[in-house]
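Understanding the architecture of this molecule
So the chains spell out like this:
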Amino acid sequence: MAARVMTWWTFFQISINERLVYRGDFMLGTLMRFLPTLTQIFLWWAIYDVISTNMAQGNENPNGEIAGYRYGDMVAYYLLVIVSRAFSSMPGLTRGIADQIRSGEVKKFLIQPVDMLGCLLTQRVAHKLVYYLIATLPFALVFWICRSFFVDGWPPIDVMVVFVTSLLLSFLLGFFLEACIGLVGFWFLEVTSLGFIYMLLNFLLSGHMFPLELLPGSIGAFVNFLPFKYLAYFPAAVFLGKIRGTEMYIGLAVEIAWTLFFIVLARVLWHRGVKRYSGFGG
Amino acid sequence: MQPSYLNVFLTFARNSLIRDMSFRMNFILQCVSSISWAVMNFGLFKIIYQHTSSIGRGSGWEENEFFIFLGTVWVINSLVQTFFMANAEEFSELIRTGNLDFALLKPIDTQFLISFPRINWAQLPNGILGAGLIVYSLIQLSNDSNKNLQLSLAYLPAFLFFVACGAIIMYSVMIVLSSTSIWLGRNQNLYTFWFYITNFYRYPMEIYQRSGIGMALWGTFTFVIPILVVSNIPARVLAQPLGTPWKTWELLLAGYTALAAVLSLVASRWVFKRALLSYRSASS
């Protein structure tokens, strides 16, 4: 057991150091990430402006909201989604796994007493931790500048707890979901296109593009059943009080269920895949 | 002997097409994915226009006008991605690996040689889709009895002219960006950076024309890096959000766009040459 912990610890340290090499680039990159939000702020400003003018003239849309979102909520939503994505997005994971399978590098996990998924997870945790360490400053700065968009201020403590929990779960969900797609590489050697389709679906269905309440009724109901919404929409909606009370706890339970489902699925895919795998050459 | 630039360009185009066709599945998937992005974007604005009558008060960007704008953005995006994007990335790579040496040795203008070798045909369908959206929205607009759209075929050359200006500006921005990799050693963030910059031209510029920060953004992206006029001016030619005849500022901005295209092309040429002077190959 102690040896095992030592192994993980070493992986962890290596990954941390790997990441700290490019910290300057990193901080700049994080700030750049908010640039699209800037255009979003102006776009929605222009839209809500027209709505409130129409409202003053007694036209449709009596309360100046879009699907229950005030202007501030809308901007706050986009900001919070960036936080969700900071937890749930796994750049290069699918590709990495598929590449290892294709190139045969995966063999090292078959002969060493190290679990591939565990190893990758440790690396991700390390990378994410370094990311938060460096990104907290730019994030805090941007959120402080944008504090007026958070119309209702901080949510109550129980909501905060659910918010943080859902973020942590979204990390695990994102990891195992993308790992599953990568592991499909045991069956199809080329999963780049699959990853592409996933990215596309994810952008729309996770609520990264816009709040899911904006989707028309039947599609919205369907999207609510999918796991994607926990990768971006759910934590943000909880924070903004769009999902509250019992509904919030049910949502959290469903998120846990999805996470467990993908953990098990990743295990199954790994075991089946390894059985199927044949390594050639070097 | 003068090399025939046209023939070289056509050979590049043919080679790229052959290359694209040898990975046909990949080609189709690329087409599908870029079209899906566009359709998703379209869907978002369809939803938005169920809640609002226009984007920006008094700006005239109502639904059909805006979709002409969106179509124009797709057309320009597709031109840039088809002809320039892959090449700019390749240029950064040539610098990093030192393979630029071979390009410098060839008896043809180096900027031409690095600008066009790879034509990404898979990005072209998006532009066709954009043209379709423009035509469709124009028909809708001319059937709208509340609007008095004055349109004749004479507008087409003007539209194409400003689209060309836009493409030239985008090309120049890209060459400047990728030339920086000569000084920086490598520019991994080229695509990301391009994505962030183009974010600004995807919406009518009126949305920025309010508040101090907005005006600063508008000024920067009109006069320093002139990317707002890339999409706004051609779209205005067809959509005429404020009707005809054009207001004085619209005319001025249109004249400025043509000037900006020339200036940015000259500037990019200058930066490119300067950058080449600092090139010190690599490894070997």
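The structure displayed is predicted, hence computed values, not measured ones. (Residues numbered from 1 in each chain as written. Chains lettered and ligands numbered in written order. Predicted model: local features only at pLDDT ≥ 70, side-chain atom pairs only at ≥ 80, totals over all residues. Heavy atoms only, no water.)

It is worth spelling out the layout of surface pockets at this point. All names here are of chain A. In this model, the second largest pocket occupies a volume close to 570 Å³. The wall of the second largest pocket is formed by 20 residues, among which V83, F139, A140, F143 and W154 lie closest to the centre. Listed by contribution, the elements that provide at least two residues to the lining of the second largest pocket are α4 (71-88), α7 (116-145) and α8 (157-183). When the residues that make up the lining of the second largest pocket are grouped by side-chain class, the tally is 17 nonpolar, two polar and one charged. (1 Å grid on protein atoms, 1.4 Å probe; cavity = no way out; pocket = protein on both sides within 12 Å on 5 of 7 lines; lining within 4 Å. Points joined across faces, edges and corners; volume = space filled by probe spheres on them. Helix = DSSP H or I, 4+ residues; strand = E, 2+ residues; numbered from the N terminus. Nonpolar A, V, L, I, M, F, W, Y, C, P; charged D, E, K, R; others polar.)

This paragraph deals with the packing of aromatic side chains. Counted by the stated rule, this structure contains 48 aromatic pairs over all chains. With a centroid separation of 6.3 Å and 85° between ring planes, the pair formed by A:F186 and A:W187 is classed as edge-to-face. Judged by its relative accessible area of 8%, A:F186 falls in the buried class. For the pair B:F66 and B:F69, a centre-to-centre distance of 5.9 Å together with 20° between the ring planes defines the contact as stacked. Within this pair, B:F66 and its partner B:F69 are both found in helix α3 (residues 63-97), separated by three residues, close to a single helical turn. (Phe/Tyr/Trp six-rings, centres within 6.5 Å; stacked < 30°, edge-to-face > 60°. Buried < 20%, exposed > 50% of the residue type's maximum accessible area, 1.4 Å probe, protein only.)

A word on helix α1 (residues 5-22) of chain B. Spacing of three or four residues puts side chains on the same side of an α-helix, whose turn is 3.6 residues. Residue and element names in this part refer to chain B. Taking 1.5 Å of rise per residue, 18 residues should cover 26 Å, and α1 covers 26 Å from first to last C-alpha, within 8% of that figure. Taken as a whole, α1 has its buried residues at F12, A13, S16 and D20. For α1, the angular spread of buried residues about the axis comes to 95°, placing them on one side. Exposed side of α1, more than 90 degrees from the buried face: R14 and S22 are the residues found there. Close packing links the buried residues of α1 with α2 (24-51) and α5 (110-115). (Expected span 1.5 Å × (residues − 1). Arc of directions from axis to C-beta. Contact = heavy atoms within 4.5 Å.)

Let's shift gears to the environment of A:Y230. Residue and element names in this part refer to chain A. Positionally, Y230 belongs in the loop between α10 (217-224) and α11 (233-239). On a C-alpha basis, the gap between Y230 and Q13 in space is 29 Å, while along the polypeptide they are 217 residues apart. Once you skip the residues sitting within four places of it in the chain, Y230 turns out to touch S170, L173, P235, G251, V254, E255 and W258. A polar contact is formed between the side chain of Y230 and the backbone oxygen of G251, at a distance of 3.4 Å. (Polar contact = N/O pair within 3.5 Å; in protein donor to acceptor, adjacent residues only side chain to side chain.)

Counting from both sides, the interface comprises 31 residues of chain B and, opposite them, 33 residues of chain A. Between chain B and chain A, a total of about 3,000 Å² is buried, with carbon and sulfur atoms accounting for 76% of that surface. Ranking the residues of chain B by area buried against chain A places B:M40, B:H51 and B:Y196 at the top, with a combined share of 21%. The interface formed by chain B and chain A contains two salt bridges. For the salt bridge of B:R57 with A:D49, the shortest nitrogen-to-oxygen distance reads 2.8 Å. Inspection of the region where chain B meets chain A yields four residue pairs in polar contact (both at pLDDT 80 or more). Mapped onto the side of chain B that touches chain A, the elements with two or more residues apiece are α2, α8 (190-201) and α9 (212-224) of chain B. Among the elements that line the side of chain B that touches chain A, the one with the most residues is α2(B), at 11 residues. The residue inventory of the side of chain B that touches chain A, partitioned by class, reads 17 nonpolar, 12 polar and two charged. (Buried area = accessible area lost by both parts, 1.4 Å probe. Salt bridge = Lys/Arg side-chain N within 4 Å of Asp/Glu carboxyl O.)

Take the confidence of the model for chain B next. On average, residues of chain B carry a pLDDT of 86, and 96% of them reach 70 or more. The ipTM, which scores confidence in the relative placement of chains, is 0.86 for this predicted complex, and the corresponding pTM is 0.86. (pLDDT = per-residue confidence, 0-100.)

For A:A67, which is not glycine, the phi dihedral falls at a positive 50°. Summarising the element assignment, A:A67 is placed in the loop between α3 (35-56) and α4. Under the relative-accessibility criterion, A:A67 is labelled partly exposed at 31%. One non-glycine residue, B:S211, lies in the positive phi region at around 65°. As for its position among the elements, B:S211 is in the loop between α8 and α9.

Should their charged atoms come close, side chains of opposite charge can pair. Overall, the coordinates contain 13 salt bridges over all chains when judged by the stated rule. Each of A:R70, A:D73, A:D152 and A:K242 takes part in salt bridges that share partners, so that together they form one network.

Here the focus is the nonpolar core. Core analysis: the biggest nonpolar cluster contains 166 residues, and A:W44, A:F139, B:I55 and B:Y208 have the highest contact counts within it. Here this core gets 16 residues from one element, more than from any other, and that element is α3(B). In contact with A:F139, not counting residues within four places along its chain, are A:T30, A:F34, A:I82, A:V83, A:A86 and A:Y131. (Core = buried A, V, L, I, M, F, W, Y, C linked by side-chain atoms within 4.5 Å.)

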